[in-house]
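Coordinates in review
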Amino acid sequence: MFTIEKQELRKIETSIFNRAKTKSANAEPDKYLNVYIKNLLSFFFDKLFTYRSGNDVNTKMNLEELHDFFCQKLEGKATIEKEFVYYSKEMNGFKVIVNEDFIMSVSCSKSYYYGKCADKGFYFYDDEFDKMFWAIDLAIQRLPEWRIKAEKVKQKVLKERMTAKLSKTALQSVIETKLNALGLEYHFEIGSKSSTLSIKLSENQTGTFYIKNDNLVEEVDEVVEMSKRMSAFFDKGNKIQVRFKSIYDGFHNYEYEHRFDKWK
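To start, this report covers the structure provided alongside it. (Residues numbered from 1 in each chain as written. Predicted model: local features only at pLDDT ≥ 70, side-chain atom pairs only at ≥ 80, totals over all residues. Heavy atoms only, no water.)

**A look at the pairing of strand β7 (residues 194-200)**
In regular strands, side chains alternate between the two faces of the sheet. How we decide: Whether two strands pair depends on DSSP finding at least two bridges between them. In DSSP terms, a helix is any run of H or I states spanning at least four residues, a strand is any run of E spanning at least two, and both are numbered starting from the N terminus.
Pairing analysis gives 5 bridges linking strand β6 (residues 186-190) to β7, with the strands arranged antiparallel. Paired with phenylalanine 188 across the two strands is leucine 197, which belongs to β7. Linking β6 back to β7 in an antiparallel pair, the connection comprises 3 residues. Across 7 bridges, the pairing between β7 and strand β8 (residues 206-212) is antiparallel. If you follow leucine 197 over to β8, its bridge partner there is phenylalanine 209.

**Let's talk about the sheet that holds strand β5 (residues 121-124)**
Selection criterion: In this description, a line fitted to the C-alpha atoms serves as the axis of each element, helices being fitted only across the stretch in contact, and the angle between N-to-C directions of two axes falls anywhere from 0 to 180 degrees.
On the basis of which strands lie adjacent, the open sheet formed by 5 strands has the order β1-β2-β3-β4-β5 and antiparallel pairing. Two strands close off the open sheet at either side, each with one partner strand: β1 (79-84) and β5. With strand direction ignored, the average angle separating the axes of adjacent strands in the sheet is 25°. Judged from the 4 bridges that link them, strand β4 (residues 113-116) and β5 form a sheet pairing that is antiparallel. When the sheet's bridge partners are listed, glycine 115 is paired in β5 with phenylalanine 122.

Written out as structure tokens, the structure is:
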């Protein structure tokens, strides 16, 4: 009989909640809760079961035996559905269905069983049938409380998204007001840490600026002034070329010649 101390279980739950939040960062609002719980379950099983090399395992894999074991142990708790090879009666896996959030697919290779709840899988072996049942049963017991916590995480994340969206919209408005006064064509895009501003300085010249968001408003003022001067410079028929430093440039021959010195 497998057991786990309450303190250890709390540590595991804290870890998987944090990892599930990170993994679900891009989930759509209406699907966030479902995605979050699936990731939560995936990380839970991954935390309990560890991949073992072929030298450390018994390779007597029997998918039918595992299927029958789950059908017996999980009766009344989950539905077990067989999956078959296309156009064949040969079973190549099965699903453990607890509810719409908790669906685990199980398959096997020559040396391990493979379980999957979201897009992350985990491995277990023929000497871990009892532990696997214990883990599923524990997850079923903990799921109602996990769902309550997941709902709180969802509300917090969606609120943070809305705040960030409003802040971004307000900042976009301020920046566009400054740029519109420039009188030149531009394209502006705000990123999470930096923003990109492309300005048409003449018919044949476009300047692209990459600006950190820390002092975005102040930096844009400087870019506007710089662009005005550059545009006037180009209007006189002048040209300018700016490129990143390269070890292959003539100006940097010393660096190029000595970059392998550490191997001498």
